[in-house]
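# Structural features, examined
Okay, here's what each chain looks like letter by letter:
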Amino acid sequence: MKLGIVGLPNVGKSTLFNSLTRAGAESANYPFCTIDPNVGVVAVPDDRLDKLAQLYHSVKVTPAVIEFVDIAGLVKGASKGEGLGNQFLSHIREVDAIVHVVRCFEDDNVIHVDGSVNPVRDIETINLELIFSDLEILERRIAKTSRGAKNDKAQAKELDLLQRLKEYLESGKAAGTFQAEDEDEQALLAGYNLLTAKPVIFAANVSEDDLADDGASNPHVQAVREFAKQQGSEVFLVCAQIEQEIAELPEDERKMFLEDLGLQQSGLEKLIQASYRILGLISYLTAGEPETRAWTIRVGTKAPQAAGKIHSDFERGFIRAEVVNYQDLLDCGSLAAAKEKGLVGLEGKDYVVKDGDVILFRFAV
């Protein structure tokens, strides 16, 4: 999973990126990998892995990972080359979802590029740049498709879609809320890889005081939540300054620090949960003495395709899957005990994998 972090200058975007990647890397003992200055790989915190590893005396524990990209250079006019312009836009095309950091705190010492705090205005500024970029793509596609549409029904149908989509974007709406008429149109839409079609998670950057009541008394947060609801997007509250402080603490002190603030989760944990929900992802687990590991798949994935995440041979030669619920396995204390109680299922090719399934795949090639 690859998430791109965007936001106008001085909204806390880079502070959040730096703290999330540093905290996430350390909390799960996963080596922080700097692919280039603005990319960080972070382990997905998952208590189930440590508990399974203790049960199996695993030598190695491997969590799922998320790649964060700090997308810089976004200013008004980015679609026309302002700031880092095209470089910024090309980075967004590569991500699965966008984490849009919006400033929801007042601070006279932190200058806002537009002179005042207004998160919905900031969101619309960025959305407009993404729409302009998408319109350029659609216009080029329309010019190309128009040439063959007179003699080709498929191209004529695509041209109709492109023109309706162009009109929709010109009205200021994102491609993510555009309703395709059938599966063919859905497939075409996916192929365009439009920026405004990507799922969005809004990170409402608030002051420490607003974290305690989940932003209930902050009108900026309420405005972002209302906007996100209309777009079908996720929202989570974060205080970038607090996240930075958490990142600098030893791992064993972080939970205590959060409890002192009256918080149950860090910003990283809230962001990961939001990203799994909006992208329709779950994790299944494999466990043994050599390694306990989490594997990320889409909701609705069947057993052979889930096995293919481990190795293509597992999918190609799939025979069956031995499946037990994570909590059932822990409660029983061993796989043998779970089998005795009839809690281990032998599942075939049509089994839909569930979050928290512990699976042993049987295959032959």
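For the structure itself, look to the data block above.
Thresholds, definitions, all that
Residues numbered from 1 in each chain as written. Predicted model: local features only at pLDDT ≥ 70, side-chain atom pairs only at ≥ 80, totals over all residues. Heavy atoms only, no water. Helix = DSSP H or I, 4+ residues; strand = E, 2+ residues; numbered from the N terminus. Contact = heavy atoms within 4.5 Å. Buried < 20%, exposed > 50% of the residue type's maximum accessible area, 1.4 Å probe, protein only. Arc of directions from axis to C-beta. Patch = residues over 30% accessible without salt bridge, like charges linked within 9 Å, V, L, I, M, F, W, Y side chains within 5 Å. Areas by Shrake-Rupley, 256 points an atom, 1.4 Å probe, with all protein chains shown as cover. Salt bridge = Lys/Arg side-chain N within 4 Å of Asp/Glu carboxyl O. Lys, Arg positive; Asp, Glu negative; His and termini not counted. Charge placed at Lys NZ, Arg CZ, Asp CG, Glu CD. Pairing = 2+ DSSP bridges.

### Things to note about the environment of Leu 285
With respect to the helices and strands, the residue Leu 285 is situated in strand β9 (residues 281-286). Sequence separation of Leu 285 and Thr 296 is 11 residues, and the distance between their C-alpha atoms is 8.9 Å. With residues near it in sequence (within four places) discarded, Leu 285 still touches Asp 46, Arg 48, Leu 49, Leu 52, Arg 293, Ala 294, Tyr 326, Gly 356, Asp 357, Val 358 and Ile 359.

### Some remarks on helix α2 (residues 47-56)
Three or more residues of α2 are buried, namely Arg 48, Leu 49, Leu 52 and Ala 53. Take α2 and look down its axis: the buried residues cluster within an arc of 130 degrees, on one side only. Facing away from the buried side of α2 by more than 90 degrees, the exposed set consists of Asp 47 and Gln 54. On its buried face, α2 sits against β4 (60-62), β9, β10 (291-298), α14 (326-332) and β13 (357-363).

### Focus on a negative patch on the surface
Taken together, the side chains of Asp 47, Asp 50, Glu 251, Asp 252 and Glu 253 define an acidic patch exposed on the protein surface. Secondary-structure elements contributing two or more residues to the negative patch are α2 and α10 (251-260). Ranked by residue count, the leading element in the negative patch is α10, at three residues. One can find Asp 47 in helix α2.

### Examining the pairing of strand β6 (residues 97-103)
Taken across its seven residues, β6 has seven buried, putting it largely inside the fold. Two elements, strand β1 (residues 2-6) and β6, share four bridges in a ladder whose sense is parallel. Within the sheet, the bridge partner assigned to Leu 3 lies in β6 and is Ala 97. In this structure, β6 lies alongside strand β7 (residues 200-205), joined through six bridges in parallel fashion. Opposite Val 99, over in β7, you have Ile 201 as the bridge partner.

### A closer look at the pattern of salt bridges
According to the stated counting rule, one finds 21 salt bridges in the structure shown. Measuring nitrogen to oxygen at the nearest pair gives 2.7 Å for the salt bridge that ties Glu 170 to Lys 166. A residue pair is termed a helical-turn pair when its members lie 3 or 4 positions apart in one helix, as Glu 170 and Lys 166 do in helix α5 (residues 153-170) at four residues. Residue Glu 170 is classed as partly exposed on the basis of its relative accessible area, which comes to 47%. Residues Lys 339 and Glu 322 are paired through a salt bridge, measuring 3.4 Å at the closest nitrogen-oxygen approach. Pair noted here: Lys 339 is in helix α15 (residues 335-340) and Glu 322 is in strand β11 (residues 318-325), with a separation of 17 residues, a long-range link.

Distances and angles like these do not, on their own, reveal function.
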